[in-house]
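# What the coordinates show
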Amino acid sequence: MHNLFSKKPTRLIASLGFLLLAIASITFFQKQSVAKEKPIEAPIPPRLAVKVVPVGPSQSQLDSLNNSLPNQLAVAALLQGSNYRYLYTELIDSSGNKREMRFAAPSYRFRAFFYDYSKQRAVVAEGSLSNPSDTTAHIESGLQPLPNDAEFQDAITLLMQNSFFGPAINSRNLATYHPMPPVREQVAGKSRQRQRIILVGVMPSEDGNGFQNEIVGVNLAEKTILRYPKGSPREAGVEGSACGVDAGNQSTIARGTSGQYQLTVTDGATTLWDMVFIRPAASSGTRASAIELRDVKYKGISVLKRAHVPILNIKYVGDPCGPYRDWQWQEGSFQACRAEDPNSQTPGFLDCGTSPATTEIENGTDMGNFRGVVLYRQGSEVVLVSEMEAGWYRYISEWRFDTDGTIRPRFGFGAIVNACTCQVHDHHMFYRFDFDVNGTANSIYELPNKSVSSSQPDFLRPTGLIPTEKKIFRTGNLMHRYRIKGGARSYVFTPGANDGEADAYAGGDMWFLHYKTGATNLQAEIDDGRNPFNNTNTEANLDQFLTNESLVDQDSVIWYHASFHHTPDSSADAIPRSNGIAPQPQVLSGDHVVGPDLTPENW
């Protein structure tokens, strides 16, 4: 064997020198290699601080109002001697027609709904919390208000007294669920008059035990149960496989619950964001509008006067179910960093720090520990999120606010176990953005998609001023981005890549409108005024607002349509009786999520 130390000294020294040089070279290059391969660390996110303060009516004020309403003269005159039920109260804009005051103060006006079972009519009361004695009331014979949790539970109680359904529900061979639609009006009972029917779904256990999925009608006025020849009313469906996550059957939050909050986000001494946000249960519109934003400012400069989702509907291919116009006030449970605190100083709101809340879309379950709005910080964004229920559907409302001024509204779609989810259908949602970029005098310009003239910076790209009110379809339209400009500042509106394109039912993808004032939702173009039951007139009717008014240096509103096309063979939540949506990262994203990006320029 070769022995290095058997050589002469000079050769030994030379050999040792060469060896040390080789070792040093290897060490040097290893260090260089490690340095080159070391991943680039993400920048440390800013130390964002948030402050949330409740504003507007407190829950005790609303409870006091609701308890007193039946005794107000105008209400009592219509309900006296009748078998009636209080359903819910909604807060409505209190500022009349004055633009400068319309949201300067939180809402203190109300509209309350009762149902008179004796005369089969809705009674609507309106007034102000500051002076309830001036409450007015009127009859709405053609209206079926949505049921509240108490009315649905009373329907289940009556169903459990039935000789067929009662034992099956008690033995857990059948489980009840909220179906679509939740209520219908039909000729029923001994009187043969049109009566209010609460619908209840009953789902058999996994092995069936001989029971079938069925939707039954409950007549609370005459305490009778209605069964339908095909297992459900014509506008609902129960035939075929059941798809979606298992129902949690947790209680929900009623409409009219208090929940308006002032939010301030700071980074050190700099105030980045300032706004009012409103929980879904307190949001505006005929059928509410998810998490609603008002008076949004970035670095002290106005961006949005109001942003919300007033219209949400579903259309099935071939109409085996629906179509439906959904509501967005019924808050369901989702998973937050901790459970609800009944003694919280900000009821309905929870700050989870850097712990993301997860909804049915992320965690694949219909269970949770919180109802309301959760805020958390993720990287350079502050996130607001809430989950809502509408029958067997689950909807997720999320807003993301970046330190660079970008706003990312997101909306997600899910469902609990039912047969309709297995049918091909399209969810359609309509954002309403009331822009006030650097004031109310705004102009809107079309910008080419980034794939067009991509080598040019934005300010050199060809633009097209939108001079008057206009509707556009995204199909075949390269002008996919829009600049809302107020003075020297602007925001660029970029549709999401997953937001779909309008079909005949949706009617359009974007409506550019002149802002309106008015005493009603329809007059103020807050929504299209429709409140359908029995699934008639569910389409969005926004074309009625196109009156060719000027949009140059005007107060403008953009309605934005996005859709999710759900097919059983391409969507994870169509797998029968499964936790239908694969868990996602801690960001609301994926095929079930839509929404545009709003990005500041020259701010």
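None of these values were measured; they are calculated from a predicted model.

## As for the state of the cysteines
Counting across every chain of the model gives 2 disulfides. Note on cysteine connectivity: C321 is disulfide-linked to C420, with sulfurs 2.1 Å apart. What sets the handedness of the C321 and C420 disulfide is the S-S torsion sign, and at about -95° it is left-handed. Taken as a pair, C321 in the loop between β14 (301–316) and β15 (324–325) and C420 in the loop between β20 (407–415) and β21 (425–435) lie far apart in primary sequence, 99 residues in all. As far as burial versus exposure is concerned, C321 and C420 are alike and both buried. Disulfide pairing places C337 opposite C352 at an S-S distance of 2.1 Å. Linking C337 and C352, the disulfide has an S-S dihedral of approximately -85° and is accordingly described as left-handed. A residue pair is termed long-range when its members are at least 10 positions apart, and C337 in the loop between β15 and β16 (349–351) and C352 in the loop between β16 and α6 (360–363) qualify at 15 residues.

## What to know about unusual backbone geometry
The omega torsion of the bond from M180 to P181 falls at -10°, within 30 degrees of zero and hence cis. Structurally, P181 can be placed in the loop between β6 (174–177) and β7 (183–188). Here K223, not a glycine, exhibits a phi torsion of approximately 55°, which is positive. Mapped onto the fold, K223 is located in the loop between β9 (214–219) and β10 (224–226).

## Notes on the sheet that holds strand β5 (residues 136–140)
Pairing in this open sheet of 4 strands is antiparallel, and the strands run β2-β3-β4-β5 from one edge to the other. Strand pairing shows two members of the sheet lacking a second neighbour, β2 (84–92) and β5, which therefore form its edges. In this sheet, adjacent strand axes meet at a mean angle of 20° when their direction is disregarded. When strand β4 (residues 121–128) meets β5, the two strands line up antiparallel, connected through 5 bridges. When the bridges of β5 are listed, A122 appears paired with E140.

## Let's talk about the packing of aromatic side chains
Counted by the stated rule, this structure contains 34 aromatic pairs. With a centroid separation of 4.9 Å and 25° between ring planes, the pair formed by Y261 and F277 is classed as stacked. Pair noted here: Y261 is in strand β11 (residues 260–267) and F277 is in strand β12 (residues 270–278), with a separation of 16 residues, a long-range link. This pair shows no difference in class: Y261 is buried, exactly as F277 is. Members of the aromatic cluster, connected to one another through ring pairs, are Y177, Y316, Y324, W392, Y393, Y395, F411, F413 and F564. It is R196 that lies over the ring of Y115; its NZ or CZ is 4.8 Å from the centre. One cation-aromatic arrangement involves R489 over W603; the distance from NZ or CZ to the ring centre is 5.9 Å.

## A word on the pattern of salt bridges
Per the counting criterion, the structure on display carries 33 salt bridges. Here K470 ties to E446 by a salt bridge, and the two come within 3.2 Å at their closest N and O atoms. With K470 in strand β24 (residues 470–472) and E446 in strand β22 (residues 443–447), this residue pair connects regions lying 24 residues apart in the sequence. Judged by its relative accessible area of 31%, K470 is partly exposed.

## Details of helix α2 (residues 59–68)
Every buried residue belonging to α2 is among L62, L65 and N66, and all of these are buried. Down the axis of α2, the buried side of the element spans an arc of 95°, and every buried residue falls inside it. Turned more than 90 degrees away from the buried face of α2, the exposed residues are S60 and N67. Of the surrounding secondary structure, the elements contacted by the buried residues of α2 are β2 and β3 (109–116).

Conventions adopted
Residues numbered from 1 in each chain as written. Predicted model: local features only at pLDDT ≥ 70, side-chain atom pairs only at ≥ 80, totals over all residues. Heavy atoms only, no water. Disulfide = S-S within 2.5 Å. Helix = DSSP H or I, 4+ residues; strand = E, 2+ residues; numbered from the N terminus. Buried < 20%, exposed > 50% of the residue type's maximum accessible area, 1.4 Å probe, protein only. Pairing = 2+ DSSP bridges. Axes fitted to C-alpha atoms, helices over the stretch in contact; angles between N-to-C directions. Phe/Tyr/Trp six-rings, centres within 6.5 Å; stacked < 30°, edge-to-face > 60°. Lys NZ or Arg CZ within 6 Å of the ring centre and 35° of its normal. Salt bridge = Lys/Arg side-chain N within 4 Å of Asp/Glu carboxyl O. Arc of directions from axis to C-beta. Contact = heavy atoms within 4.5 Å.

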